[in-house]
Amino acid sequence: QVQLVESGGGLVQAGGSLRLSCAASGVSSYAMGWFRQAPGKEREFVAAISWTGRSTDYAESEKGRFTISRDSFNSTLYLQIHSLQPEDTGVYSCAAAGVGGIPRRNEYNYWGQGTQVTVSS
C-alpha cells in the first residue's frame, strides 16, 4: 500500500528556509512530486522527481529556490525551500505517480494530507 505523510512545515519569516519531508511507503518505483495549495486557490505543481532520482522538474516560478530530492531507499521525499516569500504560503502535499519518468500533472495517483507552510513578512 502507498502511504505518504508530510512534515516540516511551520511559520517562517520571509527570506528564511525550510526543509519539508514526506515519509513514503510503497512507492520505491514511483515518481514523486510536491504540490502547493493556497487558501482560495487551486492546487499547483511545485516540483517532481523520477523514481530513480536522476530526473527532476520544477515550476518556472520556483526554479532556483526549490530543490526536490529523495533518499536512496525512496522512503523519504524532500523539498528544500530557500528565500521564502509570503506567496509561498500554503499547504504542501507530496504525491506519487506510477510512471517511468516525470509525470504529467494529472498522473499522480496518491496524495498525502499536507503540511502547512506560513511565511510572514
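Our structure is the block above this text.
The model shown is predicted, which means the values in this text are computed figures rather than measured ones. (Residues numbered from 1 in each chain as written. Predicted model: local features only at pLDDT ≥ 70, side-chain atom pairs only at ≥ 80, totals over all residues. Heavy atoms only, no water.)

A. How the structure looks around the overall build of the chain. Along the backbone of the chain there are zero helices and 11 strands. Counted from the first residue to the last, the chain has its helices and strands arranged as β-β-β-β-β-β-β-β-β-β-β. For 121 residues, the compact-globule estimate of 2.2 N^0.38 gives 14 Å, and the C-alpha radius of gyration of the chain, at 13 Å, lies within 12% of that figure. Seen through its principal axes, the chain has C-alpha atoms that stretch 40 × 25 × 25 Å. Expressed as a percentage of the 121 residues in the chain, the buried residues total 44%. Considering only contacts within the chain whose residues lie at least 6 apart along the sequence, 58% involve residues at least 24 apart. Counting every atom, the chain has about 6,300 Å² of accessible surface; 44% of that belongs to carbon and sulfur. (Helix = DSSP H or I, 4+ residues; strand = E, 2+ residues; numbered from the N terminus. Rg over C-alpha atoms; globule rule 2.2 N^0.38 Å. Buried < 20%, exposed > 50% of the residue type's maximum accessible area, 1.4 Å probe, protein only. Contact = heavy atoms within 4.5 Å. Areas by Shrake-Rupley, 256 points an atom, 1.4 Å probe, with all protein chains shown as cover.)

B. Region of the structure containing the side chain of Arg-65. Locating Arg-65 in the fold gives a position in the loop between β6 (56–58) and β7 (66–70). Given a relative accessible area of 19%, Arg-65 falls into the buried group. From its side chain, Arg-65 meets the backbone oxygen of Ser-83 in a polar contact 3.0 Å long. Apart from the residues lying within four places of it in its own chain, the contact partners of Arg-65 are Gln-80, Ile-81, His-82, Ser-83, Leu-84, Gln-85 and Asp-88. (Polar contact = N/O pair within 3.5 Å; in protein donor to acceptor, adjacent residues only side chain to side chain.)

C. Summary view of the pattern of salt bridges. Per the counting criterion, the structure on display carries four salt bridges. Its salt-bridge partner being Asp-88, residue Arg-36 comes within 3.7 Å of it at the nearest N-O pair. Highlighted residues: Arg-36 in strand β4 (residues 31–37) and Asp-88 in the loop between β8 (76–81) and β9 (90–97), separated in sequence by 52 residues. Its salt-bridge partner being Asp-57, residue Arg-105 comes within 3.4 Å of it at the nearest N-O pair. In this pair, Arg-105 is assigned in the loop between β9 and β10 (110–111) and Asp-57 in strand β6, connecting sequence segments 48 residues apart. With a relative accessible area of 43%, Arg-105 lands in the partly exposed category. For Asp-57, a relative accessible area of 25% gives the class partly exposed. Among the charged side chains, a salt-bridge network with shared partners connects Arg-36, Glu-44, Arg-65 and Asp-88. (Salt bridge = Lys/Arg side-chain N within 4 Å of Asp/Glu carboxyl O.)

D. Summary view of the state of the cysteines. According to the stated counting rule, one finds one disulfide in the structure shown. A sulfur-sulfur separation of 2.0 Å characterises the disulfide bridge that pairs Cys-22 with Cys-94. Across the S-S bond of Cys-22 and Cys-94 the torsion is about 50°, and the bridge reads as right-handed. In this pair, Cys-22 sits in strand β3 (residues 18–25) while Cys-94 sits in strand β9, placing the two residues 72 residues apart along the sequence. Of the residues examined, Cys-22 reaches a relative accessible area of 0% and is grouped as buried. (Disulfide = S-S within 2.5 Å.)

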